[in-house]
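# A structural walkthrough
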Amino acid sequence: MRVRKAVIPAAGLGTRMLPITKSMPKEMLPIVDKPVIHYVVKEAIEAGIDDILIITGKGKRAIEDYFDRSFELEYYLREKGKLEELKQVEEIGEMVDIYYVRQKKPLGLGDAVLHAEKHVNGEPFAVLLGDDIIISQKPAIKQLIDVAEREKSQVIGVEKVPEELVGRYGIISGEKIGEDVYMVRDLVEKPSPKEAPSNIAVVGRYVLFPEVFDFIRELPPGKGGEIQLTDALRNMLPSYPTLAKMIEGRRYDVGTRLGFIMANVELGLEREDIGEELLTRLKQLVREV
Ligand code: G1P
C-alpha cells in the first residue's frame, strides 16, 4: 500500500472568521506572507505526495490563481531585477500537480470529500484540512502515512485537547496499542463535554481507504445538518479497523481568531527577516500592559 494522492477540502464558508471570509477564502488568510493553504500543500509535498486535489467552492478562485503560474508578474519581477521574489513566485507555480473540483453546495466535510472519488480512483489517499497548520520535524501527514502503510489501515491524526474544547472537534475513544497509536473504538462529531468519550480530538489529517466513499454516500445529515466525515468513519469501524496517531508537532487552528494570530506571531518569530525585531516589540508591548 502506498499513499500518493492527497485531498484538501477547501470549500467551507469560513463562518468562524467572518467578516473577512465574506469576500476572501479562509484558506487564503496570510500566515506572515503565505496563505494558510500554502503550508498545507507544502506539508503534503514534503510527505512525498505528488498529486493534490483541492475541493473548492463558491468564491474560492483566489486559491487557483495562487498556485497557477503568473507570467505577467514573473515578467515584471525579472525586468525589475527582483530575482529573489521571482524565484519565490516561480516555485509556487511549479510546486506539484494540483487539480480542482468544485463542491456546488456547502453540505459538509463528508460531502466535500465525496467529490474526490473519481480523482482518487480506488487508491488509499490522504486528507488534509486547511484549518490546521501543523509545524513539525516530520510532516504531520507523513507521520500518519507511515503508520497506514505499515499497518495497512486507515489512520486518523489526533491530539489531546482541554476538556472544555471537545465540542469543537471529532472525538475518538480507543485503546493504546503502541507508542502514540490507538485502535479506534468510537468516534463522535463535536460531542458535548458530557457525551465526549475522551479528550482525544481529530485534528484534520487522515489517511483513508477509497471504501470511505460508499459509507459517505449512505449517510443521513449529521451534526449541524451536514454530511460528516466523522460519521462515515464511525460506520466503517466494524469492517475497517481504524487507527489513530497522536501527531507530534505544534498545531495552530487558524480557522479561529486566536489560533490565526498565534500562528502569525510564532511563525513570525521564527523568520530570519523579522523575528528579532518582532520579539523586541512584543517584549516592549508586554512590559507596557
Ligand atoms: C472538522 C471535522 C472534525 C475535526 C476538525 C479538525 O470540523 O469535522 O471532526 O475535529 O475538522 O479541525 P470543522 O473544524 O470543519 O468544523
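As a reminder, the structure under discussion sits directly above these lines.
Quick notes on the rules
What you see as residue numbers is a count from 1 along each chain, following the sequence as written. Totals for whole chains, interfaces and linings use all residues, but because this is a predicted model, local features are given only for residues with pLDDT of at least 70 and pairs of side-chain atoms are given and counted only at 80 or more. With hydrogens and water excluded, all non-hydrogen atoms of the structure serve as input to the side-chain values. To be near a molecule or strand, a residue needs just one of its heavy atoms within 4 Å of it. Distance and chemistry together define a polar contact, namely a pair of N or O atoms within 3.5 Å, with one atom able to donate a hydrogen and the other to accept it when in protein, and with adjacent residues in sequence counting only for side-chain atoms on both sides. Working definition of accessibility: Shrake-Rupley area with a 1.4 Å probe, residue cover restricted to the visible protein chains. Think of it this way: any DSSP run of H or I at least four residues long counts as a helix, any run of E at least two long counts as a strand, and we number them from the N terminus. Amino acid classes used here: Ala, Val, Leu, Ile, Met, Phe, Trp, Tyr, Cys and Pro are nonpolar; Asp, Glu, Lys and Arg are charged; the rest, including Gly, are polar. Working rule for contacts: check all heavy atoms of both residues, and any pair within 4.5 Å makes them a contact. Patch members must show over 30% relative accessible area and no salt bridge, and they are joined within 9 Å when carrying like charges or within 5 Å when they are nonpolar side chains of Val, Leu, Ile, Met, Phe, Trp or Tyr. Here, a salt bridge means any Lys or Arg side-chain nitrogen found within 4 Å of an Asp or Glu carboxyl oxygen. Any residue under 20% of the maximum accessible area for its type is buried, any over 50% is exposed, and the rest in between are partly exposed; the area is computed with a 1.4 Å probe on protein chains only.

### Some points on the site of the ligand
Neighbouring the ligand are 14 residues; D132, G170, E189, K190 and V202 lie closest to it. Contact distances for the ligand include 2.7 Å between an oxygen atom and a side-chain N or O atom of E189. Calculation on the ligand without its partners gives an accessible area of 380 Å², and the protein chains cover 84% of this total. No other element matches the three residues that strand β11 (residues 200-208) contributes to the shell around the ligand. Of the residues that constitute the shell around the ligand, the class distribution is five nonpolar, four polar and five charged.

### Let's talk about the side chain of E27
Considering the arrangement of structural elements, one finds E27 in the loop between β1 (5-9) and β2 (30-31). Those residues in contact with E27, other than ones at most four positions away along the chain, are A10, A11, P35, V36, I37, K60 and I63.

### Notes on a nonpolar patch on the surface
On the surface, L285, V286 and V289 cluster together into a nonpolar patch covering about 340 Å² of accessible area. Relative to the assigned elements, L285 resides in helix α11 (residues 275-288). On the basis of relative accessibility, which here comes to 48%, the residue L285 falls in the partly exposed class.

### Description of unusual backbone geometry
Omega for the bond connecting L18 with P19 falls within 30 degrees of zero, at 10°, which places this linkage in the cis form. The backbone of V32 sits at a positive phi, close to 60°, despite the residue not being glycine. With respect to the helices, strands and loops of the structure, V32 is situated in the loop between β2 and β3 (34-35). When its relative accessible area of 27% is taken as the criterion, V32 is described as partly exposed. Here K190, not a glycine, exhibits a phi torsion of approximately 45°, which is positive. Its location among the elements puts K190 in the loop between β10 (181-189) and β11.

### Remarks on the pattern of salt bridges
Scanning the entire structure with this criterion turns up 28 salt bridges. Two residues, D132 and R251, come together in a salt bridge whose shortest N-O distance is 2.7 Å. Linking D132 in strand β7 (residues 132-135) with R251 in strand β13 (residues 250-253), this pair joins segments that are 119 residues apart in sequence. Judged by relative accessible area, R251 falls into the buried class, the value being 17%. For E266, the salt bridge identified is with R250, shortest N-O distance 3.4 Å.

### What to know about the environment of R69
Topologically, R69 is positioned in the loop between α2 (61-67) and α3 (71-79). Here the alpha-carbon distance between R69 and M24, two residues 45 residues apart in the chain, equals 20 Å. Ignoring sequence-local partners within four residues, the contact set of R69 consists of E74, E90, G93 and E94. A polar contact of 2.8 Å, which involves the side chain of R69, links it to the side chain of E74.

Purely geometric stuff here, so don't read any function into it on its own.
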